[in-house]
Amino acid sequence: MIDESTWRAYVASYDIEVPEESVAREYEMVRADMKHRMMYAQMSGGETHVFPDQELAEMEDELREAAAFEAKEPLVLRDLTKKLDVTVAPEELLAEAEAMAKRQGTTVGEIKRFFGDDLAFLERDVRENKIREWACEQ
């Protein structure tokens, strides 16, 4: 199991260049998503957000941190994938498909219909999770 805070700290400290435009683009998406969530909560009878732009301004540091992570994480994963040569066995794909089926209340057959009979489209996710686990152990 991956400790999210350990993984986030690993990504934050990883030495890799992140283009500022990538962070800016992620920031706009994170901010728009948060504003959308506020508006949806209000429309669905949840918490009222009378001044969502002001609330977002108060969350500026948190939003920027989230944007930096979102921009940097794929670069870190790609770099570690090249460096570590992590392999994924068919048994690991099947184990993940079984776990996914259980979480979603479906069958492995349904999972295979989505990811392919050989579960090849699941391989990247399993590889990246193995990399995250490795990084969290460092």
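Calculation rules
- Residues numbered from 1 in each chain as written.
- Predicted model: local features only at pLDDT ≥ 70, side-chain atom pairs only at ≥ 80, totals over all residues.
- Heavy atoms only, no water.
- Core = buried A, V, L, I, M, F, W, Y, C linked by side-chain atoms within 4.5 Å.
- Buried < 20%, exposed > 50% of the residue type's maximum accessible area, 1.4 Å probe, protein only.
- Helix = DSSP H or I, 4+ residues; strand = E, 2+ residues; numbered from the N terminus.
- Contact = heavy atoms within 4.5 Å.
- Phe/Tyr/Trp six-rings, centres within 6.5 Å; stacked < 30°, edge-to-face > 60°.
- Lys NZ or Arg CZ within 6 Å of the ring centre and 35° of its normal.

### Section: the nonpolar core
Link 1 in the chain: One finds Trp7, Tyr10, Val11, Tyr14, Phe69, Val76, Leu77, Leu80, Val86, Ile131 and Ala135 forming the largest nonpolar core, which totals 11 residues.
Link 2 in the chain: Those elements that provide at least two residues to this core are helix H1 (4-13), helix H4 (60-84) and helix H7 (123-137).
Link 3 in the chain: For this core, the leading source of residues is H4, giving 4 residues.
Link 4 in the chain: Residues contacting Phe69, with those up to four places away along its chain left out, are Glu4, Trp7, Arg8, Val11 and Pro74.
Link 5 in the chain: By size, the runner-up hydrophobic cluster in this structure holds 10 residues, among which are Ala97, Phe115, Leu119 and Leu122.

### Focus: the packing of aromatic side chains
Link 1 in the chain: Under the defined criterion, the tally for this structure stands at 4 aromatic pairs.
Link 2 in the chain: Centre to centre, the rings of Trp7 and Tyr10 are 5.9 Å apart; their planes meet at 15°, and the pair counts as stacked. Remark: Tyr10 and Trp7 occur in helix H1; sequence separation between them is 3 residues, near one turn of the helix. For the pair Trp7 and Tyr10, a shared accessibility class is recorded, and that class is buried.
Link 3 in the chain: On the numbers, 6.5 Å between centres and 80° between planes, the contact of Tyr10 with Trp134 is edge-to-face. One end of the pair, Tyr10, is in helix H1; the other, Trp134, is in helix H7, with 124 residues separating them in the sequence.
Link 4 in the chain: Using a relative accessible area of 31% as the deciding quantity, one classes Trp134 as partly exposed.
Link 5 in the chain: A cation sits over an aromatic face here: Arg8 above Phe69, 3.9 Å from the ring centre.
Link 6 in the chain: One Lys or Arg, Arg64, reaches over the ring of Tyr27 and ends 4.0 Å from the middle of that ring.

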